[in-house]
Amino acid sequence: MQTISDNPWLQLAHDFVMQTNQSVFLTGKAGTGKTTFLKQLKESCFKQLAVVAPTGVAAINAGGTTIHSFFQLPFAPYIPVAFSANNDEVSSQQSLIAKLKFNREKRELLQSLDLLIIDEISMVRCDTLDAIDAVLRHVRNNQAPFGGLQMLFIGDMYQLPPVVRDQEWQLLREYYSGPFFFNSQVVQQHPPVYIELQTIYRQSDQRFIQLLNEVRNNALTQEGLSLLNSRYRPDFVPSEDHNFITLTTHNNKADAINIEALVNLPGEMFSYKAVVEGDFNERSFPAEENLQLKVGAQVMFLKNDTISKSYYNGKIGVVVSLDEDSVKVQCEGDRWPITVEQDIWTNVQYSLNRQTQQVEEKELGSFTQFPLRLAWAVTIHKSQGLTFEHAIIDAAASFSAGQVYVALSRCKSLEGMVLLTKVPQSAVMVDRRVQQFAAGGKQMDELQRFFGSSKMQFQQQLLMQLFDGEKLLSAAKSIQRVIQEHGESYGELAHPWSEALVQQCHELKDTAAKFQQQLKLHFAKATLLPETDEWIQQRVTKGAAWFAGKLEDEIIASIKNQPAITDSKEQAEELEAALAKAFEASKQWLQFVQVVSSGFDAHQMMQAKSKINISEIVGLAYSGSSKHTQRLSDSPHPVLLRELIELRNAICEQTDKPVYMVANSVTLQELAKYLPQTSEDLLQVKGFGEQKVKQFGDEFLAVIKTYCEFHQLESAMHTMEGSRPTKRKAKTNEDGSPKKNTKQISYDLWKEGKTIAEIAAERSLTAGTIEGHFTDYVLNGEVPRQLLIPDALFEKAAAIVKELSATSMTPIKEKLGDEISYAQARLVMQWLSKAGEIVTNPFTPIPSNPD
C-alpha cells in the first residue's frame, strides 16, 4: 500500500492540510490514492476534524456521517439570498438559519472544529455547499468562508455528478452556472487549492492508461475508440477459471443477473440475517440485510481486511464452503480459501467532549454482516472506488456524463475487460464545465511556492492567536451576564467576583494587544518563517513567561475558586457552561504560552490545542455536586455538614427530585449550625415546611442526633435569630386520646402485614424515612433485622467496615453504591456498635487536601 511520503503530490496535499489553514480540493484519476490518503490523514491528523459525505453508503465507507444529518439541512433546494421562504419546497438564507435546531453541544462542536473533510465531492450540489457555508458562518460567528473553518474536498469531478431534478434546476439556474460544488458562490469567490494526484496505482498498462485519459478528458481518438471496442465480445461466456463481474447502469438489471445466477446453482441456500443495533438508516446499509448464498456463488468483498490483509474492498471470489456461522471464499490466484468472518460497520455522530474539549466519534448504531455481496453483477454507481481483475461492461443503456469513465477505470487491465455492446463515440460524455474547472490545476513548483507563503501566513496567524485576549475577555463577560441575570441566586459573593474577573481579563487583553501590534509591524517586513526568525523567538519567549504567570496564578486560580453556588441545576449548568468557556480559553492560552516558552513551534502549538481538560470546574456551581463537601466547610460542624449533603443527594437520587425540593445549601448549613433535635425544631429551619418535615425530617434528624450523641453536643436552636413561630401539632386526637408518634404508626402498619414500600406509599414518605422508623425497633429486637437489610448484604457491609476499620457510613456507600441505602448503612454501623464489634464515630474528618 502506498504511503503519503512516497508520493510528492500526496505529501503536498498533506502539508497544505497540516501546516496551513488553506482549503484544499484533492482530486485525481481513478486509482490515484484518494481513499488511501483520507484514511491515513484521519489516523495522523492532530487537528479537530469531522468527515462528511453526500450519501449514507459513502459516509459509512469514509468513516463519517452524511452532510444533511451533520448540518441538519433540508432536502429542498437552497437559494443563496436573504428572503422569507414559507414553504418546504425551497430554502433561503433567512429560513435556513431560522430553522436550525442545534443544541449547545452541537454548536460547541461546530465551533471547535479545525478541519471539515467532504468525501465524494463530485456528487455534492452547488447549493448544498452554500448552505453549509451559511450555517458555519452563523454558528461560528465568523463571516470568513465556512466560518473560518479549513475545508478538504476529496473527489474526481470526471466521475459521478450530482443529481439535480429538472424542477430543482429551474429554481437554481438563476443563481448558479452549473450544479457542481465548484459552481457554489462560496467556492467561486474563494477557490480552494487545487491538487491533482498524478500517479495511478490501479493500472500499469500504458496503452490502457492512455485510453482512460482520452475517455476522461472527452478526447477519445479514433485509434482509442478502436482499441476500446476491440474488447467487444457480444457472445462472451466467462470460464470458470476467471471471476468476471458485470457492470450495469441500473439496479434492477444487476439484481436480476445476480438472482438468476444464484437460483440456477445446485445445492442448499443459506441465509444470513444482518444484526442491526441502534440507529442505522436502512438506506445506508453497506451490505445486504438478508444475504443469501450457495456454494459456487460469485461474491465480492465489501471491506478491506485490516488484520491479515487477505482481501480488499472489491476482491472477487467463489464460495466453496458454507454453514450457519461461517463462509469460505476461494479467490483467483490464492492458494487457500479465505475464511470470512462477520464484520461491523458503524454509524457515527460527532460530538464534543466537554471535559477534554475533543471532537469525538460517538457510535449511534452498528450493522453486522458478512462483508460480501453477490458479484455476478453490480451497478456502475456502486462500483465507484472498487478495483476488478475481470469485468464485463454492459453499455446497452444510455450513460450519463462520467459513467463510461467510472466503468472502464474499475478494471486493472484492458485484457481483463469485456464489452457486451460497443461504446459509441457519443457515449463518452464529459461536462465542459468540469473540463474548464480542471484547467485551473497548478504545476508542482507553483503550488510549492504558494504553500510556502501560506505556511508563513498560517504561522503568523498562530502567533497573533498567542497574544489574543479577546476570547478570554468575552468568556469572562458571559460569566458576568449569567450571574447578573439571576440576581443573588448564586450568592452574595458571586457578583463582585465576576466584576473582578472581567477587570483582570481586560487588563491582560490590553497588554496582549500591545504584543500583537509589535508583531504586525515586524510581519510587514519579515522574510523568514516565524519558526526561524530570531527576533520573534526572543520576543515571544520573553513575553510567554509573563503571560503564563498571570494566567495560572490569577485567572485560572480565580475561576477554579469561584464562589457562585446555586441550588438550581439549570442555573448551575448555565453558569458552568460559561465557566467552561472561560476555563478553556485561559487554559488554551496558558498551553500556548507554555509551549513557546522555549521557542515558537507551529506544530507543537497546534497540538497544544488538543490537551485542554475542563473537568476541574465541572460541578463547581451546583450545590448538589460532591465538590461542595469542601467548599461549604466553613460550618462549625463541617463533618456533619458533609454527611447531611450526602444524605440529601441520596434522597434526591432516590426520589428524582432537585436539591431545592429536599434541602438546599442554606438549609443544610442551618441544620449543621443549630443542630435541631425534633420535628418542631426542623420547622424553624429555613426551607423546612411541614410537608418536608413529614417526608424527609426523620432521616435528617437521625444523622444529627447520632452526631450530637457521639460528640456530646446539645441543640443550638436557642441561638437562632429571628426564629419563626411554628404551629405546634396537638399531642392528642380530637377525642382526647394520645396521638401516636410517626414511628409507631409505621410499626403498626407493618404489623398489619404491609411492606416498607407499601407503608411509604400510604404515608407519602420515602422508603428511606420508613426504614429509619424501624431502626430502633430492629436494634431493640422487636423487628427482625432482615426486614431492613438481607443477611447477605449486611455481612458484605459489615466486612467492609471491619476490613477498613471504618468509623462512618461513607466507605460502605463508596464500596456498595446503590446496592445499599443510606438507612441500611446506618443500621449496619449502629448494629456493630451495639454488639461491641466497633467503636463508632459515624463522622470522619474532612481530608485537608480533597484532591
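In every chain, residue numbers begin from 1 and rise along the written sequence. Reporting in this predicted model follows two pLDDT cut-offs: at least 70 for local features of residues, and 80 or more for side-chain atom pairs to be given and counted; totals over whole chains, interfaces and linings ignore these cut-offs and use all residues. In computing side-chain properties, one takes all heavy atoms of the structure into account and sets aside hydrogens as well as water.

A.B. asks: Could you give an account of the overall build of the protein, with specific residues and numbers?
C.D. replies: For the protein, the helix and strand inventory stands at 32 helices and 22 strands. We call a residue buried when its accessible area falls under 20% of the maximum for its residue type, exposed when it is over 50%, and partly exposed in between, using a 1.4 Å probe and counting protein chains only. Counting over 851 residues, the protein shows a buried share of 53%. Residues are treated as being in contact if the distance between any of their heavy atoms lies within 4.5 Å. Contacts spanning at least 24 positions in sequence make up 73% of the contacts within the protein whose residues lie at least 6 apart. For the protein, the exposed area adds up to about 39,500 Å²; of that, 48% sits on carbon and sulfur atoms. Helical segments are the DSSP runs of H or I of at least four residues, strand segments are the runs of E of at least two, and each set is numbered from the N terminus. Here the open area of atoms and residues is found with the Shrake-Rupley method and a 1.4 Å probe, where only the protein chains shown may cover a residue.

A.B. asks: So what's going on with the pattern of salt bridges? Residues and values would help.
C.D. replies: When a carboxyl oxygen of Asp or Glu lies within 4 Å of a side-chain nitrogen of Lys or Arg, that pair is called a salt bridge. One pass over the full model with this rule turns up 19 salt bridges. Close ionic contact of R165 with E168 constitutes a salt bridge, the shortest N to O distance being 2.9 Å. Its salt-bridge partner being K509, residue E470 comes within 3.8 Å of it at the nearest N-O pair. Within this pair, whereas E470 is found in helix α17 (residues 470-485), its partner K509 is found in helix α18 (residues 494-523), the two being separated by 39 residues in sequence. Residues joined by salt bridges that share partners form a network here, namely R125, D127, R165 and E168.

A.B. asks: Residue-level account of the packing of helix α29 (residues 767-779) against helix α32 (residues 822-834), with values.
C.D. replies: Running from amino to carboxyl end, α29 crosses α32 at an angle of 15°, the nearest separation of the two axes being 9 Å. The angle between α29 and α32 places the two elements in the roughly parallel class. As α29 runs across α32, the sense of the crossing is right-handed. For the pair α29 and α32, the contacting residues are G768, E771, G772, T775, V778 and L779 in the first and A823, Q824, R826, L827, Q830, W831 and K834 in the second. Any residue outside Ala, Val, Leu, Ile, Met, Phe, Trp, Tyr, Cys, Pro, Asp, Glu, Lys and Arg is labelled polar, Gly included; the first ten of those are nonpolar and the last four are charged. Looking at the contact of α29 with α32 residue by residue, the class counts come to 5 nonpolar, 5 polar and 3 charged. For helices, the fitted line uses only the C-alpha atoms of the stretch in contact; every axis is such a line through C-alpha atoms, and the angle between N-to-C directions lies from 0 to 180 degrees. Any angle that falls under 35 degrees is termed roughly parallel, while one over 145 is termed roughly antiparallel, one within 65 to 115 roughly perpendicular, and all others oblique. By definition, turning the near helix anticlockwise from the far helix through less than a right angle yields a left-handed crossing, and turning it clockwise yields a right-handed one.

A.B. asks: Can you tell me about the sheet that holds strand β6 (residues 115-118), naming the residues and giving the values?
C.D. replies: On the basis of which strands lie adjacent, the open sheet formed by 6 strands has the order β3-β2-β6-β7-β1-β8 and parallel pairing. Each edge of the sheet is formed by a strand with only one pairing partner; in this case those strands are β3 (65-66) and β8 (193-197). Any two strands between which DSSP finds at least two bridges are classified as paired. Note: β6 against strand β7 (residues 150-154), 4 bridges, orientation parallel. Within the sheet, the bridge partner assigned to I117 lies in β7 and is L152.

A.B. asks: Give a detailed account of the packing of aromatic side chains, specifying residues and quantitative values.
C.D. replies: When the centres of two rings from Phe, Tyr and Trp lie within 6.5 Å, Trp using its six-membered ring, the rings pair. Their planes under 30 degrees apart give stacked, over 60 give edge-to-face, and anything left gives tilted. Scanning the model with the defined rule gives 32 aromatic pairs in all. Here the aromatic rings of F515 and F547 are separated by 5.4 Å at their centres, their planes lie at 75°, and the arrangement is edge-to-face. On the criterion of sequence distance, the pair formed by F515 in helix α18 and F547 in helix α19 (residues 534-560) is long-range, its members being 32 residues apart. You can call F515 buried: its relative accessible area is 12%. Between W546 and F547, the aromatic rings sit 4.9 Å apart at their centres with planes inclined by 90°, giving edge-to-face as the arrangement. Given the relative accessible area of 0%, F547 is considered buried. Ring pairing ties together the aromatic residues F25, F146, F153, F180, F181, F182, Y194 and F437, which thus form one cluster. Geometrically, a charge over a ring is one whose NZ (Lys) or CZ (Arg) sits within 6 Å of the ring centre while staying within 35 degrees of the ring normal. Above the face of the F70 ring, K106 is positioned so that its terminal group lies 4.9 Å from the ring centre.

A.B. asks: Lay out the sheet that holds strand β20 (residues 377-379) with the relevant residues and their values.
C.D. replies: Here we have 4 strands laid out as an open sheet, ordered β20-β9-β21-β22, and parallel in their pairing. Each end of this open sheet is capped by a strand with a single partner; those strands are β20 and β22 (417-419). Averaged over all adjacent pairs, the angle separating strand axes in this sheet is 25°, with direction ignored. Pairing geometry for strand β21 (residues 391-393) and β22, over 3 bridges, is parallel. Considered in β22, the bridge of A391 is made with M417.

A.B. asks: Before we move on, can you summarise the confidence of the model for the protein with the specific residues and values?
C.D. replies: pLDDT gives the predictor's per-residue confidence on a scale running from 0 to 100. Residues with a pLDDT of 70 or more make up 89% of the protein, whose mean pLDDT is 82. Taken as a whole, residues 840-851 scores under 50 in pLDDT and shows 36 contacts with residues more than four places along the chain or in a different chain.

A.B. asks: Please provide a residue-by-residue account of the nonpolar core, values included.
C.D. replies: By size, the foremost hydrophobic cluster in this structure holds 86 residues, and its most contacted members are F71, L116, I118, I132 and F181. By residue number, the principal contributor to this core is helix α7 (residues 126-139), which donates 8 residues. Every residue in contact with I132, bar those within four places of it in the chain, is listed here: I67, F71, L73, L116, I118 and F146. Among buried residues, the Ala, Val, Leu, Ile, Met, Phe, Trp, Tyr and Cys ones that are joined through side-chain atoms within 4.5 Å form a nonpolar core. Core analysis: the next-biggest nonpolar cluster, separate from the first, contains 79 residues, V24, A494, V540 and I559 among them.

A.B. asks: Could you give me a rundown of the environment of K294, with the residues and numbers involved?
C.D. replies: Residue placement: K294 occurs in the loop between β12 (290-293) and β13 (298-301). Counting along the chain gives 27 residues from K294 to S321, while the straight-line C-alpha distance between them is 8.4 Å. Among residues more than four places away in sequence, those in contact with K294 are L262, V263, L265, P266, G267, E268, M269, V319 and L322.

A.B. asks: With reference to specific residues and values, describe a negative patch on the surface.
C.D. replies: On the surface, E268, D323, E324 and D325 cluster together into a patch of negative charge. Structurally, E324 can be placed in the loop between β14 (316-322) and β15 (327-331). Each patch is assembled from residues with relative accessible area greater than 30% and no salt bridge, linking like charges that lie within 9 Å and nonpolar side chains (Val, Leu, Ile, Met, Phe, Trp, Tyr) that lie within 5 Å. Charge convention: Lys and Arg are scored as positive, Asp and Glu as negative, and His as well as the terminal groups of each chain are ignored. For charged residues, the charge sits on one atom: NZ in Lys, CZ in Arg, CG in Asp, CD in Glu.

A.B. asks: Which residues make up the pairing of β13, and what values do they have?
C.D. replies: Both faces of β13 are covered, namely the face carrying Q298 and M300 and the face carrying V299 and F301. Sheet topology note: the β13/β14 ladder contains 3 bridges and is antiparallel. Paired with Q298 across the strands is V318, a residue of β14. Note that β13 and strand β19 (residues 372-374) share 3 bridges and pair antiparallel. When the bridges of β19 are listed, F301 appears paired with L372.

A.B. asks: Please provide a residue-by-residue account of α29, values included.
C.D. replies: In a regular helix each residue adds 1.5 Å, so 13 residues correspond to 18 Å; α29 covers 19 Å between its end C-alpha atoms and thus fits that length. Along α29, the largest kink reaches about 30° and is centred on H773. The buried fraction of α29 amounts to 11 of the 13 residues, a majority that puts the element mostly inside the structure. Among the residues of α29, G768, T769, I770, E771, G772, H773, F774, T775, Y777, V778 and L779 are the ones counted as buried. Just past α29, the residue G781 takes up positive phi, approximately 85°. Each residue after the first adds 1.5 Å to the expected span of a helix. Two axes define the bend at a residue: one fitted to the seven residues ending there, one fitted to the seven starting there, and the bend is the angle between them.

A.B. asks: An account of the pairing of strand β2 (residues 49-53) is requested, with residue identities and associated values reported.
C.D. replies: Looking down a regular strand, the side chains alternate between one sheet face and the other. In terms of residue burial, β2 counts as a mostly covered element, since 5 of its 5 residues are buried. Residues L49, V51 and A53 line one face of β2 and the alternating positions A50 and V52 line the opposite face, and both faces are buried. Pairing geometry for β2 and β3, over 2 bridges, is parallel. Looking at β3, one finds that A53 is bridged to T66.

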